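Fold and contact review
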Amino acid sequence: MVTDPIADFLTRVRNASSAQLKIVEIPASNTKKALTKILFDQGYISNYMFEEDNKQGVIKIALKYNPSTKVPAITKLQRVSKPGLRKYSSSDELPRILNGLGIAIVSTSKGVITDKEARKLNVGGEVLCYVY
């Protein structure tokens, strides 16, 4: 049993990226699906697919690399809010990652969204992770 499924998601993507794997499989949940959609929309992964099985389902993520240098598109995934210490932030105190080049993924009352969308909607929430 995994005590922190979001950290498990980030670790699987980080490990697959450092091993230069093309595809990584992750057990599915609604939060992980939302994280995957954000990573795809922001251009950090090349594609994804949700597969249903008799249990909880599987997310297959196709990782993105630079074609010439083989450098992964995701250089760092950092978990911020942990089960032992939750980190919440209001809309005006949301962090800017690498001066706007990276994203912070925030769980809000409007769903799981990026920090830029949260500022636009003027909602705060739990800062899940940083991606750059």
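Cut-off values and rules
- Residues numbered from 1 in each chain as written.
- Predicted model: local features only at pLDDT ≥ 70, side-chain atom pairs only at ≥ 80, totals over all residues.
- Heavy atoms only, no water.
- Pairing = 2+ DSSP bridges.
- Helix = DSSP H or I, 4+ residues; strand = E, 2+ residues; numbered from the N terminus.
- Axes fitted to C-alpha atoms, helices over the stretch in contact; angles between N-to-C directions.
- Contact = heavy atoms within 4.5 Å.
- 1 Å grid on protein atoms, 1.4 Å probe; cavity = no way out; pocket = protein on both sides within 12 Å on 5 of 7 lines; lining within 4 Å.
- Points joined across faces, edges and corners; volume = space filled by probe spheres on them.
- Nonpolar A, V, L, I, M, F, W, Y, C, P; charged D, E, K, R; others polar.
- Polar contact = N/O pair within 3.5 Å; in protein donor to acceptor, adjacent residues only side chain to side chain.
- Phe/Tyr/Trp six-rings, centres within 6.5 Å; stacked < 30°, edge-to-face > 60°.
- Buried < 20%, exposed > 50% of the residue type's maximum accessible area, 1.4 Å probe, protein only.

1. Considerations on the sheet that holds strand 3 (residues 58-63)
If you walk across this open sheet you meet the 3 strands as 1-3-2, and the pairing is antiparallel. The two strands at the open ends of the sheet, each matched to only one other strand, are strand 1 (23-27) and strand 2 (45-51). Neighbour-to-neighbour, the strand axes of the sheet open up by a mean angle of 20 degrees, direction not taken into account. Its contacts with the sheet place helix 2 (residues 30-41) against strand 1, strand 2 and strand 3, and it is angled at close to 155 degrees to strand 2.

2. Here's the deal with empty space enclosed by the protein
In total, this model carries 1 cavity of 30 Å³ or more according to the counting rule given. In this structure, the largest cavity encloses a volume near 30 Å³. As for the largest cavity, its lining consists of S17, Y44, L63, K64, Y65, P72, A73 and I74. Tallied by class, the residues present in the lining of the largest cavity amount to 6 nonpolar, 1 polar and 1 charged.

3. Some thoughts on the side chain of T114
Along the chain, T114 turns up in strand 7 (residues 111-114). Polar side-chain contacts of T114 include one of 3.2 Å to the side chain of E117. Non-local contacts of T114, meaning those with residues more than four positions away in its chain, are made with I38, Q42, I103 and A104.

4. Observations regarding the packing of aromatic side chains
The full count for this structure, using the stated rule, is 2 aromatic pairs. With a centroid separation of 5.2 Å and an interplanar angle of 75 degrees, the aromatic rings of F40 and Y48 are classed as edge-to-face. With relative accessibility at 31%, the residue F40 sits in the partly exposed group. With 5.2 Å between their ring centres and 50 degrees between their planes, Y48 and F50 make a pair best called tilted. Note on Y48: relative accessible area 24%, which makes it partly exposed. Using a relative accessible area of 29% as the deciding quantity, one classes F50 as partly exposed.

5. Focus: the pairing of strand 1
Where burial is concerned, the two faces of strand 1 differ: the one with V24 and I26 is buried and the one with I23, E25 and P27 is not. One ladder, built from 5 bridges, connects strand 1 with strand 3; its direction is antiparallel. Looking across to strand 3, one finds that P27 is bridged to V58.

Everything listed is a geometric property; what it means functionally is a separate question.
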